[in-house]
Amino acid sequence: MNAEAFRATGRVAGKRLPRMDGIGKVIGKHVYAADFTLPGMLYGRVLRSNKPHARIVKIDTSRAKAMPGVRTVITAADIPAVRYGQAVRDAPVFALDRVLFYGHAIAAVAATTLEIAEQALAAIDVELEDLPAVYDPEEALTNAILVHPDWQDFKVLPILVRDGNMTARTRMITGDADAAFANAYRVYEHRFKTALQHPGYTEPRASVADWDANGNVTVWTNTQLPFDTQTTLSEILDLPVSRVRVIVPGIGGGFGGKLRIGVEHYAALLARNTARPVRVLSTSEEELIAATPRQSAVVHLKTAVDRDGKLLGRQGRIIVDCGAFAGSGPAMASVSLQVLAGPYRNGTLALEGIAVYTNKVPAGSFRAPAGPMANFAVESQMDIIAEDLGIDPLELRLRNIVHEGDKGPSGEELKSVSVEECLRKAAAAIGWHDRKPAPGRGKGIACSWWMTTGGSSGVYVKIDPDGTATLVSGAVEIGTAALTGASQVLAEALSLDLDDIKVAGVDTQTSPYDYGAQGSRTAFSVGNACLAAAADLRQQLFELAAKQWNITTDGMELRDKQVIAGNKTIAIAELARLSRLSGGGLIAHGTANSPGPAFDPGRVENHMLPAWNTPSFHAQAADLSVDSETGAVSINRYVVAQDVGFAINPTYIEGQIEGGVSQGIGQALSEEIVYQNGRVMNANLTDYKMPTAMDVPEIECILVQSASAAGPFGAKGVGEPPCIHPPAALANAIAAATGARMHSLPMTAEKIVKELRSARE
Amino acid sequence: MSRRLLELTINGETHQLLAEPHWTLLHVLRNQIGMMGTKENCLEAECGVCTVLLDGRAVNSCLLLAGQAEGHQITTIEGLGTPENLDPLQQAFIECGAVQCGYCIPGMILTAKSFLDENPGHVPSRQEIREAVAGTLCRCTGYGKIVDAISVSAERRLAKQHKEPAA
Ligand code: FES
Ligand code: FES
């Protein structure tokens, strides 16, 4: 790759330019998957379990099938017995002999109208016999009730250690933690809990499927990972992957909640049975009982320090509650360990991550998955330690943070380390010197680090005869403006303006592969692939010009949309036209991949992501007031200092920060999918409380730019980190304001007031 | 079920269709007429993505029966501006970076429009703007840049009013 060949001149990259799909979105023309229809389309609905764990005694679909307008009803009995999943292949399309959670799919219906489909669901006769269930992740580890008695039969990644309800166990070990703890000045031990959080995208999961005359299926859907969805569909449908085509029309938010197959398989199976296009659109209730929320977690964390607050070691265990299927749980048990280690020189480490099954909704990878849970624990505890030792919480962090060239928790070398700058800037901006300005008012701070997820990206870049370029990428624009960012990188490298770039839609049949819009990687990785394509195109342009002028390419430049050699110039548009005459047009295939850094395998056991690619560093600080009577929190100010490496488009980076913080505030203060006896009690958007415009403060963004070696013009991943710190930053501010230390999320007014009362007594 | 003839005025155009009495305006817009600019999500008046204007007032079209909209002027996002001639709010949303996934944006812009139209002659405070749009959920933006856009739009509107005083 020729990334070094280009220097950011700040002409297009680095500028606050409006996003490329903005006009379509403000005038209502942008087509989302939920808007996509086909003539003759049927409406699909899914019947879901109303019991958390039960034996299926009987499913009788005959009454539903006989209803006028009903075109098909399918259950597990009608489809191949395939189990799919990422690390563990444990999930069937429909419940087999038992339902495993409240919301588990039992059957699906396609009918000529949505109303008829709904009536048909009610006409399916299902008899369920309650089974004892397990809901608590800690109990699940020792409980005799197995969510999957057949767990040993599943196909799994060889790296996993499993046992009954425990579907993964991983460790991170550095030095002799026991010895460090034995010699410590003090040891702190705490337990923290976090709750299930829905990604909250405003467009529900929606898919339309249609089969062609040759037995190929096309699915129009709002997935973040079209290629992963294509592969999973090919397994479920028992078709070669090339016969499954996934097209993403547009997507109304994802945040990791639309990574894995959602309703695509129901649409495809119903469409196959009826030979008609079928659409399946999730309801809000289905979203809250049966989508893939952020796992809840229980963290035990023990930390040893010396007299000056220097960290000597951390021991701990995080239990990630996967729900009924493993999903991303095993990976999250792994990643959470890096977050527990934090951006700190820990001395020694003995951390364990466990992923466990329960009879609850299968969870997934919501934005910075595992980040907020682990950060809430480690950053809350840093403040508890500081308070106990009488050291300022900022000072305690500064004494322990990592610096350039330090080793990370897996023994990898850390580069472009900026956590000190982030901490100092966030603290200065929030007015740290006055940390408890009034009774009931306080300030809190938290810091962290996070990876830029790897995986490969391919792009095609085609130059049109008017001198503009089309970018064809397999990465979905999920709203972050990552493809506007990648286009800015491309425009910069080709000496074009952003207006000269068009972005093609994602279609697995024609788009080059991309690992997907996930893991803060899209602008970074697609941007790098664009640089590679631009380098190739530049060479092609130079060679065309050289031929035209009968000279060599030596000393040629690409500037102002033309190739320049001495006093000769020729426009890119002209070269594109020439290429059409004899060379089949100008096109390049650019690729990018970021392999992880070298690490010490002796420090990790069964870890799925042992060393992070291009980590970023960040700090957030909050200033809030707590009403001592009601426990209500009002956030006065909120500051984020985040190292983005290079700000490709500051406007949309701020947008990522503001949106991520707002989701983090939701997780911190109000959001929880509430279970009682295995049933979801708040499966609607009134009782599941996401922040409104009234709940989110003005968020002040400080963009730190400590360039990375691997990203386009030094960029680092941006999208996920903002939602990591709010639970800890707010918990620390609540403690500063009131003296009450919250150990579980969400920190609702009721919980805070209870804590305040018990502190008073 | 018995359908009856419904006559709706949407963005100044008359639409006639046979509708069942329980159909919502949202259902008619999206699934009968095929105007997809008005979005759907919760269908329970909890999220605001389905907001349209009824005689200039913001309403949740997922709860309003289509029959109740008869005889009223319905404005959807498609009726607000065109790419060549954007409504000032649409322009400000783009300029301020207030659009991410965009799914909440039609409802958000129409909510803002009815709010600004009800409050001519002054620039509302950021807090007033936040209160006004609190019924529309946006999961992407954290609302700050949406408030910026509405605020900028209100300032421009006032500046324009001062330049062209009403006769
Ligand atoms: S769809 Fe109407 S308010 Fe949510
Ligand atoms: S821009 Fe995505 S929900 Fe508002």
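Nothing here was measured: the structure is a model prediction, and the numbers come from that model. (Residues numbered from 1 in each chain as written. Chains lettered and ligands numbered in written order. Predicted model: local features only at pLDDT ≥ 70, side-chain atom pairs only at ≥ 80, totals over all residues. Heavy atoms only, no water.)

### Describing the sheet that holds strand β8 (residues 105-111) of chain A
Residue and element names in this part refer to chain A. Selection rule: Paired strands are those between which DSSP finds at least two bridges. Elements are defined by DSSP. Helices are runs of H or I of four residues or more, strands are runs of E of two residues or more, and each kind is numbered from the N terminus. Should any heavy atoms of two residues lie within 4.5 Å, those residues are considered in contact. Note on method: axes are straight lines fitted to C-alpha atoms, helices fitted across the in-contact stretch only, with angles between N-to-C directions ranging 0 to 180 degrees.
Strand order in the open sheet formed by 8 strands is β3-β8-β1-β16-β13-β14-β15-β24, with mixed pairing between adjacent strands. Both edges of this open sheet fall to β3 (70-75) and β24 (506-507), since each of them pairs with a single strand only. In this structure, strand β14 (residues 217-221) lies alongside strand β15 (residues 244-248), joined through 4 bridges in parallel fashion. Bridge pairing in β15 links V217 to V244. Sheet strands in contact with helix α6 (residues 226-237) are β13 (206-211), β14, β15 and β24, and its direction is about 145° off that of β15.

### Thoughts on the sheet that holds strand β5 (residues 73-75) of chain B
Residues and elements named next belong to chain B. Strand order in the open sheet made by the 5 strands is β2-β1-β5-β3-β4, with mixed pairing throughout. The strands lining the two open edges of the sheet, one partner per strand, are β2 (13-19) and β4 (57-60). Across the sheet, the mean angle separating the axes of adjacent strands is 40° when strand polarity is ignored. Bridge count for strand β1 (residues 4-10) against β2 is 7 bridges, and the pairing is antiparallel. Of the residues in β2, the one forming a bridge with L5 is L18.

### Regarding the packing of aromatic side chains
Residues and elements named next belong to chain A. Using the following cut-off: For Phe, Tyr and Trp, rings pair up if their centres lie within 6.5 Å, where Trp contributes its six-membered ring, and each pair is then called stacked (planes under 30 degrees apart), edge-to-face (over 60) or tilted (otherwise). When a residue's accessible area, from a 1.4 Å probe over protein chains only, is under 20% of the maximum for its type it is buried; when over 50% it is exposed; and in between it is partly exposed.
Under the criterion given, the structure shown has 10 aromatic pairs over all chains. Seen in terms of ring centroids, F192 and F376 are 5.6 Å apart; in terms of plane orientation they differ by 75°. Their pairing is edge-to-face. Linking F192 in strand β12 (residues 186-194) with F376 in helix α10 (residues 371-389), this pair joins segments that are 184 residues apart in sequence. Judged by its relative accessible area of 1%, F192 is buried. Residue F376 is classed as buried on the basis of its relative accessible area, which comes to 0%. One aromatic cluster is present, formed by W449, W450, W612 and F617 through successive ring pairs.

### Quick word on empty space enclosed by the protein
If you roll a probe as big as a water molecule over the atoms, it shows you where there is empty space left. For the record, the criterion: Cavities and pockets are defined on a 1 Å grid built over the protein atoms alone: a cavity is a set of grid points where a 1.4 Å probe fits but cannot escape, while a pocket is an open set with protein on both sides within 12 Å along at least five of seven lines, and lining residues are those with an atom within 4 Å of any such point. Grid points are joined across faces, edges and corners, and a volume is the space filled by probe spheres set on the points. Residue type decides the class: Asp, Glu, Lys and Arg count as charged, Ala, Val, Leu, Ile, Met, Phe, Trp, Tyr, Cys and Pro as nonpolar, and the leftover types, Gly among them, as polar.
A complete count under the given rule lists 5 cavities of 30 Å³ or more for this structure. Within this model, the largest cavity holds a volume of roughly 90 Å³. Taken together, H198, G200, Y201, T202, P204, S284, E287, L288, L685 and M690 of chain A together with N41 and L137 of chain B make up the full set of residues lining the largest cavity. Residues belonging to the lining of the largest cavity are distributed by class as follows: 6 nonpolar, 5 polar and 1 charged. As for the second largest cavity, its lining consists of G200, T202, S662, M690 and P691 of chain A together with L137, C138, R139 and Y143 of chain B. When its residues are assigned to classes, the lining of the second largest cavity shows 5 nonpolar, 3 polar and 1 charged.

### A few points about the domain arrangement of chain A
When the parts of a complex come together, some accessible area is lost, and that lost area is often used as the size of the interface. Residues and elements named next belong to chain A. For clarity, the threshold we go by: For the purposes of this description, domain bounds are those given by an automatic or database domain assignment. Take the accessible area each of two parts loses on contact, using a 1.4 Å probe, and add the two losses: that sum is the buried area. Any Lys or Arg side-chain nitrogen located within 4 Å of an Asp or Glu carboxyl oxygen qualifies as a salt bridge. Throughout this description, a polar contact denotes any pair of N or O atoms lying within 3.5 Å of each other; where both atoms belong to protein, one of them has to be capable of donating a hydrogen while the other can accept it, and for residues adjacent in sequence the pair is counted only when both atoms sit in side chains.
Taken as a whole, chain A is organised into domain 1 (3-30 + 454-592), domain 2 (33-131 + 205-281) and domain 3 (296-452 + 599-760). Taking both partners together, domain 2 and domain 3 bury about 1500 Å²; carbon and sulfur atoms supply 61% of that area. Its largest share of buried area at the contact with domain 3, domain 2 owes to F101, Y102 and F255, together 37% of the area lost on that side. Where domain 2 touches domain 3, the interface holds 0 salt bridges. Linking domain 2 with domain 3 are 5 residue pairs in polar contact (both at pLDDT 80 or more), by the criterion used here. Its residues placed into classes, the side of domain 2 that touches domain 3 shows 10 nonpolar, 5 polar and 2 charged.

### What to know about the nonpolar core
We apply this condition: Nonpolar cores are built from buried Ala, Val, Leu, Ile, Met, Phe, Trp, Tyr and Cys residues. Side-chain atoms within 4.5 Å join them into one set.
With 206 residues, the main nonpolar core has L730 and M747 of chain A together with F93 of chain B as its most contacted residues. Here the element with the most residues in this core is α10 of chain A; it accounts for 10 residues. Discounting chain neighbours no more than four positions away, the residues touching L730 of chain A are A622, L624, I635, Y638, I665, A668, L669 and M747 of chain A. Residues L544, W549, V563 and I648 of chain A belong to the second largest nonpolar core, which totals 47 residues.

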